[in-house]
Amino acid sequence: MDSSILMSSQTVDYDFNKTVALENGIDGVGSADPISDDILRITMFVNYGIIGGIISLTGVVLNSINIAIFISQGFHDTINITLLALSVADLGSLVTLVWMSLCYNPLVVGALPEINFIEVQHITAGWPHVCFTRISSWLMAFITVERYLCIALPLKVKALLTRGRTTCVVFGIFFVVIATVIPVYVAIHITSHTSGINSAKQYGIEYITGGPELENVSVFCNSLHQIFTFVIVIICTSGLVSKVTEKSKWRNATSSASKLESVSARDRKVVKLVIIIAVLFIVTFTPVVIHLLVMFCEHEFTVGRKYQNLFLFCGTFSFNLEAINATCSFFVYIKMSSKFRQVLMARFFHVKQTKD
């Protein structure tokens, strides 16, 4: 049974051996759980091995295109810097899900019996995915804050959020989130051990003394990351919608059409784009945050406890929703940005660009 779902919402009572034992058919945990072991195994195979793999592989291709286009556009506008960083983080989160999909593929598992893929993917797919996803969440929060300030305080924010400062914030987000995951790789390492089922040597993971407690430092930090960023995105997106509506009414009540107005029109297009990707983020991450909050409220809703099957069952859908969020931004850019479409056609289809 997978333990990587745990990375979104684990408590200090996590016992990886119980998880692996149940995956190998040794029940004894969660007898009162509404989700049976068989249903869980099938759901994990379908969601991770098939659906998640298809979505993630598609997302890897589309985010690679995003990165190429944002680089081609240059970084005159600070929004291009943050959207490029968001695409890089999304690409990282999707690559790890592709690897996780392979770890749940029976052909891969059967071809390499000397590797316990369920254990190995815990630190090669599960945690890296969570790390990149939290980076994406902070970047999304920063983008919505930046756009809200651009609408609310257009003159002041231009001087405040320069390209240099925006770049520093982006690198700071990557650094801080990665730092919160480092305890995991101190607590766990890959090693060979004897399987409890057939006494064969397998490569799996091993905790150092006090490792689970050390890992839970990262669990706690990354859980807070997700909750805080979710709240920030909701608040700033609501503020953006309110400000856009307010300014739209003001424009309709005036007849001036100055150059300043044409500039603000360009900004409005960016704001609308940000609102759409923020709403996509809110919709896809609402179940993820609910999953976290239920875990905090119900102590038995976690791995190694009464409702571990339900916990892991819900987690499979959370990971796929995260993959959908990371993949769909490409279609938003295509729909909302004429410049993005022009660069896409010029770079990949050799169609001559036209001026806006």
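Residues numbered from 1 in each chain as written. Predicted model: local features only at pLDDT ≥ 70, side-chain atom pairs only at ≥ 80, totals over all residues. Heavy atoms only, no water.

In the nomenclature of an unreviewed UniProt entry, the protein corresponds to FMRFamide receptor from the organism Biomphalaria pfeifferi. UniProt, in its Sequence similarities (unreviewed entry) section for the protein, records the words "Belongs to the G-protein coupled receptor 1 family." Under the UniProt heading Subcellular location (unreviewed entry), the note attached to the protein is "Membrane". (UniProt positions renumbered as here; feature names shortened; annotations may be inferred.)

Chemist: Would you mind showing me how to read the overall build of the protein here?
Modeler: On a plain count of helices and strands, the protein comes out with twelve helices and two strands. The order of helices and strands in the protein, counted from the N terminus, is α-α-α-α-α-α-α-α-β-β-α-α-α-α. The buried share of the protein, reckoned over its 356 residues, is 49%. Contacts spanning at least 24 positions in sequence make up 78% of the contacts within the protein whose residues lie at least 6 apart. When the accessible surface of the protein is totalled, it reaches about 16,600 Å², and 68% of it is carbon and sulfur. (Helix = DSSP H or I, 4+ residues; strand = E, 2+ residues; numbered from the N terminus. Buried < 20%, exposed > 50% of the residue type's maximum accessible area, 1.4 Å probe, protein only. Contact = heavy atoms within 4.5 Å. Areas by Shrake-Rupley, 256 points an atom, 1.4 Å probe, with all protein chains shown as cover.)

Chemist: Is there a simple way to think about helix α11 (residues 308-336) in this case?
Modeler: Structurally, the α-helix is built with 3.6 residues per turn, so residues lying three or four positions apart point the same way. The terminal C-alpha atoms of α11, which comprises 29 residues, lie 42 Å apart, in line with the 42 Å expected from a rise of 1.5 Å per residue. The largest bend in α11 comes to about 30°, at Cys 328. (Expected span 1.5 Å × (residues − 1). Bend = angle between axes of the 7 residues up to and from the residue.)

Chemist: Help me out: how do you make sense of a nonpolar patch on the surface in this one?
Modeler: Nonpolar side chains collect at one region of the surface, where Phe 45, Ile 50, Ile 51 and Ile 54 lie side by side and expose about 330 Å² of accessible area between them. Here Ile 54 lies in helix α3 (residues 37-73). (Patch = residues over 30% accessible without salt bridge, like charges linked within 9 Å, V, L, I, M, F, W, Y side chains within 5 Å. Salt bridge = Lys/Arg side-chain N within 4 Å of Asp/Glu carboxyl O.)

Chemist: Would you mind showing me how to read the pattern of salt bridges here?
Modeler: Pairing is possible between side chains that carry opposite charge, provided their charged atoms lie close to one another. Counting across every chain of the model gives three salt bridges. Salt-bridge contacts for Arg 147 lead to Glu 146; the nearest nitrogen and oxygen are separated by 3.9 Å. Judged on exposure class, the residue Arg 147 and its partner Glu 146 are both buried.

Chemist: Help me out: how do you make sense of the nonpolar core in this one?
Modeler: Among soluble globular proteins, nonpolar side chains are generally buried collectively. If you look at the biggest cluster of nonpolar residues, it comprises 78 residues, and the most contacted ones within it are Leu 83, Ile 135, Leu 139 and Tyr 333. Elements that contribute at least two residues to this core include exactly α3, α4 (78-103), α6 (117-152), α8 (163-187), α9 (211-252), α10 (259-297), α11 and α12 (338-348). Broken down by element, this core gets its largest block of residues, 14 residues, from α6. Once residues within four sequence positions are removed from consideration, Leu 83 is found in contact with Phe 70, Ile 143, Leu 273, Ile 277 and Tyr 333. (Core = buried A, V, L, I, M, F, W, Y, C linked by side-chain atoms within 4.5 Å.)

Chemist: Help me understand the confidence of the model for the protein in this model?
Modeler: Low pLDDT means the predicted atomic positions in that stretch should not be read closely. Summary statistics for the protein give a mean pLDDT of 84 and a share of 83% for residues scoring 70 or more. When the criterion is pLDDT under 50, residues 1-28 qualifies, and its contacts beyond four places in sequence or with other chains add up to 99 contacts. Scored below 50 in pLDDT, residues 257-263 shows three contacts in the model against residues more than four places distant or in partner chains. (pLDDT = per-residue confidence, 0-100.)

Chemist: Could you clarify how one ought to interpret the UniProt feature "transmembrane region" (unreviewed entry) in the protein in this entry?
Modeler: Sequence positions flagged by UniProt for "transmembrane region" (unreviewed entry) are, in local numbering, residues 48-71, 83-102, 167-188, 223-241, 270-290 and 310-334. In residues 83-102, the share of helix is 100% and the share of strand is 0%. The end C-alpha atoms are 29 Å apart. Between the C-alpha atoms that bound residues 223-241 the distance is 27 Å, and the span itself is 100% helix and 0% strand.

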